[in-house]
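Geometric and topological summary
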Amino acid sequence: ALGELLSSSPTLEHLDISSNKLTPETVQLLFSGIQHTSTLKWLSLDFNPLGCGGAVPLLKSRVAHNLSCLRLRDTGIGEEDCRALCSLLLASTSLQWIDISNNDLPSVAMQLIVSGLQDNTTVNNLYVMKNSLDSEAAVSLLKSPLAHRLCVFSL
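Before going into details, it helps to say that this report is about the structure given with it. Here the residue numbering is sequential within each chain, running from 1 through the sequence in written order. Side-chain atom pairs in this predicted model are given and counted only at pLDDT of 80 or more, local residue features only at pLDDT of at least 70, and totals for whole chains, interfaces and linings cover all residues. Excluded from the side-chain calculation are hydrogens and water; included are all heavy atoms of the structure.

**Quick notes on unusual backbone geometry**
- Of note, Phe47 is a non-glycine position whose phi angle comes to about 60°, a positive value.
- Note on conventions: DSSP H or I runs of at least 4 residues are helices, E runs of at least 2 residues are strands, and numbering of each starts at the N terminus. With respect to the helices, strands and loops of the structure, Phe47 is situated in the loop between β2 (42–44) and α3 (56–59).
- Unlike most non-glycine residues, Asp104 shows phi in positive territory, near 50°.
- By relative accessible area, Asp104 is classed as exposed at 59%. Any residue under 20% of the maximum accessible area for its type is buried, any over 50% is exposed, and the rest in between are partly exposed; the area is computed with a 1.4 Å probe on protein chains only.

**Comments concerning the packing of helix α4 (residues 79–91) against helix α5 (residues 107–117)**
- Lines are fitted to the C-alpha atoms to define the axes, a helix being fitted only along its stretch in contact, and any angle between axes, read from their N-to-C directions, falls within 0 to 180 degrees. Two elements in contact, α4 and α5, have axes separated by 8 Å at closest approach and are oriented at 5°. Relative to α5, α4 is oriented roughly parallel. Side by side, α4 and α5 meet where Glu79, Cys82, Arg83, Leu85, Cys86, Leu89 and Leu90 of the first sit next to Val108, Ala109, Leu112, Ile113, Ser115, Gly116 and Leu117 of the second.
- The residue classification treats Ala, Val, Leu, Ile, Met, Phe, Trp, Tyr, Cys and Pro as nonpolar and Asp, Glu, Lys and Arg as charged. All others, Gly included, are polar. In terms of residue class, the contact of α4 with α5 is built from 10 nonpolar, 2 polar and 2 charged. In these notes the angle categories are as follows: under 35 degrees is roughly parallel, over 145 is roughly antiparallel, 65 to 115 is roughly perpendicular, and the rest is oblique. By the convention used here, residues are in contact when the closest approach between their heavy atoms is within 4.5 Å.

**A few points about the environment of Val56**
- Within the secondary structure, Val56 sits in helix α3.
- In this structure Val56 comes out as buried when scored by relative accessible area, which is 8%.
- C-alpha of Val56 to C-alpha of Glu80: the two residues are 24 residues apart in sequence and 7.2 Å apart in space.
- Beyond its immediate chain neighbours, meaning those up to four positions away, Val56 contacts Glu80, Asp81 and Ala84.

Following this line, the structure appears as structure tokens:
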């Protein structure tokens, strides 16, 4: 029902569906309703139990390429999601704000994010609190061009 309602909102710009106990299946249904919108700029899925791989369909969608803000705080995303986020970072020309805090992401997943940010020129806000950013990934991030334009960075 929500997916249908969203599909009839061609000017939707801001969508906050945090803390709704959304599962990956529910998110898939939801995004089938907004997959044709090009106006969505701000999306928050914070505090939904998406689990590892749960955000991949969104991150690979056309909708994600138009976002300027993406919030995936405390959603249980994992390495597979970070791989998809890395691809999005390499392709997106609009994403400016990312929150992937509180996901207990392993170091390898954080290294994927660092890799995706190396050539990204738009992200200027990154929240990564309570993840496993090891010293190698932290040094790579701090030496990257991102470090010179980053507004918020939390380890």
